[in-house]
Amino acid sequence: MKKILITGGAGFIGSHVVRLFVNKYPECHIYNLDALTYAGNLENLKDVEYKKNYTFLHGDITEEEYIKSIFTDYQFDSVIHLAAESHVDRSITDPLAFAKTNILGTMVLLNAFKILWQNKWDDKRFYHVSTDEVYGSLGATGLFEESTPYNPNSPYSASKASSDHFVRAYGETYKIPYVISNCSNNYGQHQFPEKLVPLFINNILNDKPLPVYGDGNYTRDWLYVLDHAIAIDLVFHKGVNHETYNIGGFNEWKNIDLVKLLCEQMDNKLGRANGTSEKLITYVKDRPGHDLRYAIDASKINKDLGWSPTVTFEEGLSETIDWYLSNEEWLNNVTSGNYQNYYNKQYN
Ligand code: NAD
Ligand code: TYD
């Protein structure tokens, strides 16, 4: 039985990847390693936790001895690495935490993988899940390609860029078989309400202001999380060693336009008069170093692996809102306690 270690599987994207793999590959054993930081939540995996081919490991990727010991004990064949500190605003207030988890943590995993398998690389793979933010910011035109030079602007994107470089360096130096993917902004069920979409859904539900940074004319390329999980499955199984794949939604939105669409859908679903939620839009101080525009050229994964998004933005957003509306308990649980401190510091 193949043993696959997925890191960060209790988080937003990781939980969708774990669910997909546990259900789709009963012949593989899936180990989910997660430190359960504020962003990790085992509630996200309630429906798979009893499955025979699933094991949860509670641990921190920066703890070298622990990581070496689980690689020795379980002899993982492959790694899909998603664990990270993932929120740009938090990286601005605590950049060292990002360097520790995203850079050091990735190196600790790479080391453990290298020591376990040395040169016996047959059927082994280290898959590093990364972000398009490593490429920096685009102007009004152009797209990020796999060959676009790295030019990160936030401590988050700099730490992810650095981790990508280490994965590549281990590939060159120690011949580790790796693949990397760089994906655009995800949205969907189980996303922690610090990121734009779930934060604004939660604020609309609670009649709180919707804090739009700067003039709201920043552009992101949005992808439904299940389409990202499908892409990860493809890259993991069919991607070519030492290659990078950009993943994106072919779906650019200015923040303010996205927020208006979200407000409209929320008003409809909540039975409120049109325009009610839009009144909550409040322009606030801009994020420092705010990247103007991200947009992905996903033609390589499309052409080489046959991937393209399956869900339109309107459908995906509608599904996402429906999930939050029918999972208020999940939302209340994650927004109690420390969340209030974070929110007050960030927005007041
Ligand atoms: P998330 O913040 O929702 O989840 C991160 C998970 O990692 C959490 O479960 C957390 O407990 C765990 N974790 C954090 N530090 C850890 C540590 N030291 N040891 C073990 N576990 C730890 O993040 P996400 O949005 O699901 O992103 C997952 C990955 O995908 C990240 O690597 C991120 O850079 C990348 N990514 C995210 C997006 C996006 O839009 N969210 C887009 C492209 C790429
Ligand atoms: P975010 O969801 O934090 O993702 P990222 O910074 O990784 O792209 O933010 C998406 C966009 O929304 C980004 O341009 C910043 C903006 N934004 C706001 O205007 N207000 C907010 O409160 C947040 C969290 C984000």
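Residue numbers run consecutively from 1 along every chain, following the written order of its sequence. As they are written, the chains are lettered A onward and the ligands numbered 1 onward, keeping that order. Owing to the predicted nature of the model, reporting of local features is limited to residues with pLDDT of at least 70; listing and counting of side-chain atom pairs is limited to 80 or more, with chain, interface and lining totals taken over all residues. Think of the side-chain values as coming from all heavy atoms in the structure, minus any hydrogens and water.

Any chance you could explain the side chain of Ser 159 here in plain terms?
Turning to its location among the elements, Ser 159 is positioned in helix α5 (residues 155–174). In this analysis, two residues are considered to be in contact whenever any of their non-hydrogen atoms come within 4.5 Å of each other. Once residues within four sequence positions are removed from consideration, Ser 159 is found in contact with Phe 98, Ala 99, Asn 102 and Ile 103. Runs of H or I in DSSP of at least four residues are treated as helices and runs of E of at least two as strands, each being numbered from the N terminus.

What should I look at first to understand the site of ligand 2 in this one?
Around ligand 2, 20 residues are found, and the nearest of them are Glu 133, Pro 211, Arg 287, His 290 and Tyr 347. Leu 196 is positioned with one of its backbone polar atoms (N or O) 2.9 Å from an oxygen atom of ligand 2. Between N or O atoms, a polar contact is any pair within 3.5 Å; within protein, one atom must be a potential hydrogen donor and the other a potential acceptor, and residues adjacent in sequence are included only when both atoms are from side chains. A distance of 2.9 Å separates an oxygen atom of ligand 2 from a polar side-chain atom of Asn 255. Burial of ligand 2 by the protein chains amounts to 97% of its free accessible area of 510 Å². Mapped by element, the contributors of at least two residues to the shell around ligand 2 are α3 (88–93), α6 (196–205) and β8 (210–213). When residues are sorted by character, Ala, Val, Leu, Ile, Met, Phe, Trp, Tyr, Cys and Pro go into the nonpolar class, Asp, Glu, Lys and Arg into the charged class, and all the rest, Gly among them, into the polar class. Looking at the shell around ligand 2 residue by residue, the classes come out as 10 nonpolar, 4 polar and 6 charged. Whether a residue is near a molecule or strand is decided by its heavy atoms; if any one of them lies within 4 Å of it, the residue is near. Here the open area of atoms and residues is found with the Shrake-Rupley method and a 1.4 Å probe, where only the protein chains shown may cover a residue.

Explanation requested: the nonpolar core in the structure shown.
The tendency in soluble globular proteins is for nonpolar side chains to be buried as a group. In these notes, a set of buried Ala, Val, Leu, Ile, Met, Phe, Trp, Tyr and Cys residues joined through side-chain atoms within 4.5 Å is what counts as a nonpolar core. Buried means the residue's accessible area, taken with a 1.4 Å probe over protein chains only, is under 20% of the maximum for its type, while exposed means over 50%, and partly exposed covers the values in between. Within the largest apolar cluster, 42 residues are counted, with the highest numbers of intra-cluster contacts made by Ile 6, Phe 21, Ile 80, Tyr 127 and Ile 301. Listed by contribution, the elements that provide at least two residues to this core are β1 (2–7), α1 (12–24), β2 (28–34), β5 (125–131), β6 (178–183), α7 (225–238), β10 (243–247) and α9 (299–305). Take this core: its biggest share by element is 7 residues, from α7. Excluding its chain neighbours within four sequence positions, the residues that come into contact with Ile 80 are Ile 4, Leu 5, Ile 6, Thr 7, Phe 21, Tyr 127, Val 129, Ile 232 and Phe 236. Grouped together as the second largest cluster of nonpolar side chains are 34 residues, Ile 201, Leu 258, Cys 263 and Phe 313 included.

Help me out: how do you make sense of unusual backbone geometry in this one?
Most peptide bonds take the trans configuration, and most residues that are not glycine carry a negative phi. With a phi angle near 65°, Asp 123 is a residue other than glycine that sits in the positive phi range. Within the fold, Asp 123 resides in the loop between α4 (95–117) and β5. A positive phi angle, near 50°, is found at Phe 250, a position not held by glycine. In this fold, Phe 250 is placed in the loop between β10 and β11 (252–254). For Phe 250, a relative accessible area of 51% corresponds to the exposed category.

I'm lost on the site of ligand 1 in this one. Help?
Within the structure, ligand 1 sits among 28 residues, and Ile 13, Asp 34, Ser 86, Tyr 156 and Lys 160 are positioned closest to it. Between ligand 1 and Leu 82 there is a distance of 2.9 Å, counted from an oxygen atom to a backbone nitrogen or oxygen. Between ligand 1 and the protein, one listed contact pairs an oxygen atom with a backbone N or O atom of Asn 186 at 2.9 Å. Taking 840 Å² as the accessible area of ligand 1 by itself, protein coverage stands at 96%. Those elements giving two or more residues to the shell around ligand 1 turn out to be α1, β5, α5 and β7 (185–187). The element best represented in the shell around ligand 1 is β5, accounting for 3 residues. Per-class residue counts for the shell around ligand 1 are 13 nonpolar, 12 polar and 3 charged.

Before we go on, may I ask you to explain the packing of α6 against helix α8 (residues 255–270) in this structure?
Relative placement of two packed helices is described by the angle separating their axes and the distance separating the axes. Axis geometry follows a simple rule: fit a line to the C-alpha atoms, using only the stretch in contact for helices, then measure angles between N-to-C directions, giving values from 0 to 180 degrees. Between α6 and α8, whose axes approach to 11 Å, the crossing angle comes to 40°. Comparing the axis directions of α6 and α8 gives the class oblique. Between α6 and α8 lies a crossing of right-handed hand. Where α6 approaches α8, its residues Leu 196, Val 197, Phe 200, Ile 201, Ile 204 and Leu 205 are matched on the opposing element by Asn 255, Leu 258, Val 259, Leu 262, Cys 263, Met 266 and Leu 270. A per-class count over the contact of α6 with α8 returns 12 nonpolar, 1 polar and no charged. An angle below 35 degrees is treated as roughly parallel, one above 145 as roughly antiparallel, one from 65 to 115 as roughly perpendicular, and anything else as oblique. When the near helix sits turned anticlockwise from the far one by under a right angle, the crossing is termed left-handed; a clockwise turn instead gives a right-handed crossing.

Help me understand the sheet that holds β6 in this model?
One key point about sheets: their strands pair by backbone hydrogen bonds, in either a parallel or an antiparallel sense. The pairing criterion is simple: DSSP has to find at least two bridges between the two strands. Spatially, 7 strands are ordered β3-β2-β1-β4-β5-β6-β10 in an open sheet, and the strand pairing comes out parallel. If you trace the sheet from one side to the other, it starts and ends with β3 (54–58) and β10, each paired once. Shown here is a sheet whose adjacent strand axes are inclined to one another by a mean of 20°, direction ignored. Note that β1 and β2 share 6 bridges and pair parallel. Note on β2: the bridge partner recorded for Ile 4 is Ile 30.

Honestly, the environment of Lys 160 in this entry has me stumped. Any pointers?
Tracing the chain through its elements places Lys 160 in helix α5. What makes Lys 160 buried here is its relative accessible area of 5%. When the C-alpha atoms of Lys 160 and Asp 47 are compared, they prove to be 30 Å apart, with 113 residues separating the residues in sequence. Aside from chain neighbours lying at most four places away, what touches Lys 160 is Ala 84, Asn 102, His 128, Val 129, Ser 130, Thr 131 and Val 134.

Help me out: how do you make sense of the pairing of strand β4 (residues 78–81) in this one?
Both faces of the sheet carry side chains from a regular strand, because those side chains alternate between them. Residues Ser 78 and Ile 80 of β4 are buried on one face, and the alternating residues Val 79 and His 81, pointing to the opposite face, are buried as well. Bridge count between β1 and β4: 4 bridges; the pairing is parallel. The residue of β4 that forms the bridge with Ile 6 is Ile 80. Two elements, β4 and β5, share 4 bridges in a ladder whose sense is parallel. Residue pairing for β5: His 81 is matched across the bridge by His 128.

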